[in-house]
Amino acid sequence: MARSGGSATGSRIGRTPPAVTLAGGTIASSALLADGSTDAVAVPVAPARDGDDALVPGEGTAAAAARYGIDLAEIGERARLAGKPGDVYVLQLPRPVGSSVVLPWAGLPTTLVLVGVGAGRPEDLRRAGAALARATRGLGRVVTTLGAEAQQTASQAAAAARAVAEGYLLAAYSPLQIKVKDDTRAPAELVLLGRDGTRAAAAVAAARTAATATWLVRDLATTPSNVKNPEWMAEQARRLSDEAGLEVVVRGPRDLGEFGGILAVGAGSMSPPRLVTVSYTPATFTPGSGKHVVIVGKGITYDTGGLSIKQSDAMVPMKTDMTGAAVALATVLGAAADGVKHRVTAVLPLAENHVGADSYRPGDVLTMFGGTTVEIANTDAEGRLVLADALAWADATLDPDVLIDVATLTGAATIGLGKQYAALYSSDAVLVADLVAAGADSGERTWHMPLVDEYEEAVRSDIAHLRHVPVDKKIGGGSITAALFLRHFVGSRAWAHLDIAGPARSTSDRHEVSEGATGFGARLLLRYLDDLR
Ligand code: BES
Ligand code: MN
Ligand code: ZN
């Protein structure tokens, strides 16, 4: 059923972040600074070394001071810049009045930005890039030497360019606007000065893919649920997959008879569920080459809790309960854009957990895909039901080498780890190591949690194969018991579960993380796929 306002934001899903380009040359010589095409020049500063109270100028900072005829180090100190990653100082240079005054910076960009880069590690440079984006929003073109330090290996230089570009593009995001037609403060094009070559170009391309994926997740998650029902999500997936040349299959309620979990969760809503699959096969694919990675994402387009209804404050953010599905979709699109060497399939079980005459009830027993029966105790634990169907179906029909699910699954995960880490569950040591490493590299961090066998009693039922939530609250570990439930549906696959209930949302803009929907997960999984052997 199409909803009123359905076109309000739909056509703008799939935005592209601003351009990042590479240019040779230096601050001393670059014509980009003198041809009137650039609005701002940004150069790095690092914290003072031990026992030295002066800021340390980074690559191009001394050259900028010379070209502008300004003591930048002294300005930085007067502004009390510490050089920490994310510190930023914007110097708005005056223009002369009348023709008799000639300023030393005549003809040069009149905005100079000093950006703290800390120790210059990738995570520092992501923060520096993010700070630069926030400081230069609304400008046309920004030229920077951030990350272009001379003393680096080729791989360090590529990582630095990638980090600066990624931080810049992630923080350049502004939420999809419903109230206005265009964002009048569009972010600027970023020019990375002093870098060229295929390696840097590839690094910047990867940064753009990662940021595009994150923007997509944020836009989908931000879209309100009077627009975003399962049908709408499936339409976005179909359109974006068609545009990328990927195979997409949309199954509706008539095709989902065996999917007892998805049907039950969606039964209370006027907007019936969908199951979407999007598959990417690399151009170089031959049977036996590469792996098949299947990513299942929780796609609850709104979570009222169902008959076990949420209290009102807890319900407010629940339009973002489809973040896992958005992550799965953005990841397969990003994998195609990056030319990942493995097959990737995104599986999106989409349903709205609402209250209606046909709602499923606490006490019901559902038959899931594959025949496992599940006794329902709380209709607000809907995520594990749609995931269980999708995981069992993926195991039975897609023959994955690696099966990963990603979901805003439990408030308990947020209580345990806060909002900066995803809870990672897996008994596959290689998968754990790879996902932890991808988390550290991408900045979307994961923490390996235990699948505690002794807590299995939480999902034991007297009348069905399983109960989906513990009735005895003394067991605790709500994120763990949810993972234990899911484990019953993955067969013998190498499987990992990512509970992103914490990091999927943020209460403030912070470095590369945006307020509201953060898009957490797509960059992590793209990094995992890029590095997978
Ligand atoms: N979507 C929620 C989990 C959630 C909570 C995500 C807060 C983001 C922020 C999930 O469907 C849910 O309601 N989980 C319940 C499970 C409980 C009923 C066993 C929870 O965590 O309270
Ligand atoms: Mn719920
Ligand atoms: Zn939910």
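Scoring rules and cut-offs
Residues numbered from 1 in each chain as written. Chains lettered and ligands numbered in written order. Predicted model: local features only at pLDDT ≥ 70, side-chain atom pairs only at ≥ 80, totals over all residues. Heavy atoms only, no water. Helix = DSSP H or I, 4+ residues; strand = E, 2+ residues; numbered from the N terminus. Rg over C-alpha atoms; globule rule 2.2 N^0.38 Å. Buried < 20%, exposed > 50% of the residue type's maximum accessible area, 1.4 Å probe, protein only. Contact = heavy atoms within 4.5 Å. Salt bridge = Lys/Arg side-chain N within 4 Å of Asp/Glu carboxyl O. Near = heavy atom within 4 Å. Polar contact = N/O pair within 3.5 Å; in protein donor to acceptor, adjacent residues only side chain to side chain. Areas by Shrake-Rupley, 256 points an atom, 1.4 Å probe, with all protein chains shown as cover. Nonpolar A, V, L, I, M, F, W, Y, C, P; charged D, E, K, R; others polar. Axes fitted to C-alpha atoms, helices over the stretch in contact; angles between N-to-C directions. Parallel < 35°, antiparallel > 145°, perpendicular 65-115°, else oblique. Left-handed = near helix turned anticlockwise from the far one by under 90°. Donors = N, O, S within 2.8 Å, 3.2 Å for Na, K, Ca; no water. Tetrahedral: all angles 85-135°; square planar, octahedral: opposite > 155°, others 65-115°.

S.K.: It is not clear to me how the overall build of the chain should be interpreted in this structure. Could you clarify?
M.R.: Looking only at helices and strands, one finds 15 helices and 21 strands in the chain. Taking 533 residues into account, the globule formula puts the C-alpha radius of gyration at 24 Å, and the chain, at 25 Å, falls close to it. For the chain, the spread of C-alpha atoms along the principal axes amounts to about 90 × 50 × 50 Å. Counting all 533 residues of the chain, 55% fall into the buried class. Long-range pairs, those at least 24 residues apart, make up 78% of the contacts in the chain with a sequence separation of at least 6.

S.K.: Looking at this structure, how should I read the pattern of salt bridges?
M.R.: Opposite charge on two side chains permits them to pair, given that their charged atoms come into close proximity. In total, this model carries 19 salt bridges according to the counting rule given. Put simply, Glu382 and Lys298 hold a salt bridge, and the shortest N to O gap is 3.0 Å. Of the two residues, Glu382 sits in the loop between strand 14 (373-375) and helix 11 (383-397) while Lys298 sits in the loop between strand 10 (292-297) and strand 11 (299-303), which places them 84 residues apart along the sequence. Glu382 gets classed as buried once you look at its relative accessible area, which sits at 0%. A relative accessible area of 2% means that Lys298 is categorised as buried.

S.K.: Can you walk me through the site of ligand 1 in this structure?
M.R.: In the vicinity of ligand 1 lie 15 residues, with Lys310, Asp321, Asp380, Glu382 and Gly411 positioned nearest. In this structure, an oxygen atom belonging to ligand 1 sits 2.8 Å away from a side-chain N or O atom of Glu382. Within the complex, 74% of the 510 Å² of free accessible area of ligand 1 lies under protein. The class makeup of the residues in the shell around ligand 1 is 4 nonpolar, 4 polar and 7 charged.

S.K.: I tried to follow the packing of helix 13 (residues 429-442) against helix 15 (residues 522-531) on my own but got confused; where do I start?
M.R.: To describe two helices that pack against each other, one gives the angle between their axes and the distance between the axes. In contact at an axis separation of 8 Å, helix 13 and helix 15 are set at 120 degrees when each is read in the N-to-C sense. Here helix 15 runs oblique to helix 13, going by the angle between their axes. Both helix 13 and helix 15 take part in a crossing whose hand is right-handed. The segment helix 13 lies against helix 15, with Leu431, Asp434, Leu435, Ala438, Gly439, Asp441 and Ser442 engaging Arg523, Leu524, Leu525, Arg527, Tyr528 and Asp531. A per-class count over the contact of helix 13 with helix 15 returns 6 nonpolar, 2 polar and 5 charged.

S.K.: Sorry if this is basic, but what is going on with the coordination of the zinc ion (ligand 3) here?
M.R.: Note on metal geometry: ideal angles are 109.5 degrees for four donors arranged tetrahedrally and 90 or 180 degrees for six donors arranged octahedrally. Taken together, the protein ligands of the zinc ion (ligand 3) are Lys298 (NZ), Asp303 (OD), Asp321 (OD) and Glu382 (OE), with distances of 2.0 to 2.4 Å. Every donor counted, the 6 donor atoms about the zinc ion (ligand 3) form angles of 79 to 173 degrees at the centre, which fits octahedral coordination. Linear spacing of the donor residues for the zinc ion (ligand 3) on their chain is K-x4-D-x17-D-x60-E. Separating the zinc ion (ligand 3) from the manganese ion (ligand 2) is a distance of 3.1 Å, and Asp303 supplies a donor atom to each of them. Residue Asp321 is found in the loop between helix 9 (312-315) and helix 10 (323-338), and its partner Glu382 is found in the loop between strand 14 and helix 11; the two are separated by 61 residues along the sequence. Glu382 shares its class with Asp321; the two are buried.

S.K.: Teacher, can you tell me more about the coordination of the manganese ion (ligand 2) here?
M.R.: Around the manganese ion (ligand 2), the donor atoms from the protein are Asp303 (OD), Asp380 (O), Asp380 (OD) and Glu382 (OE), and they sit 2.1 to 2.2 Å away. The coordination sphere of the manganese ion (ligand 2) comprises 6 donor atoms, whose angles at the metal cover 72 to 170 degrees; the geometry is irregular. Donor residues for the manganese ion (ligand 2) sit on one chain with the sequence pattern D-x76-D-x1-E.

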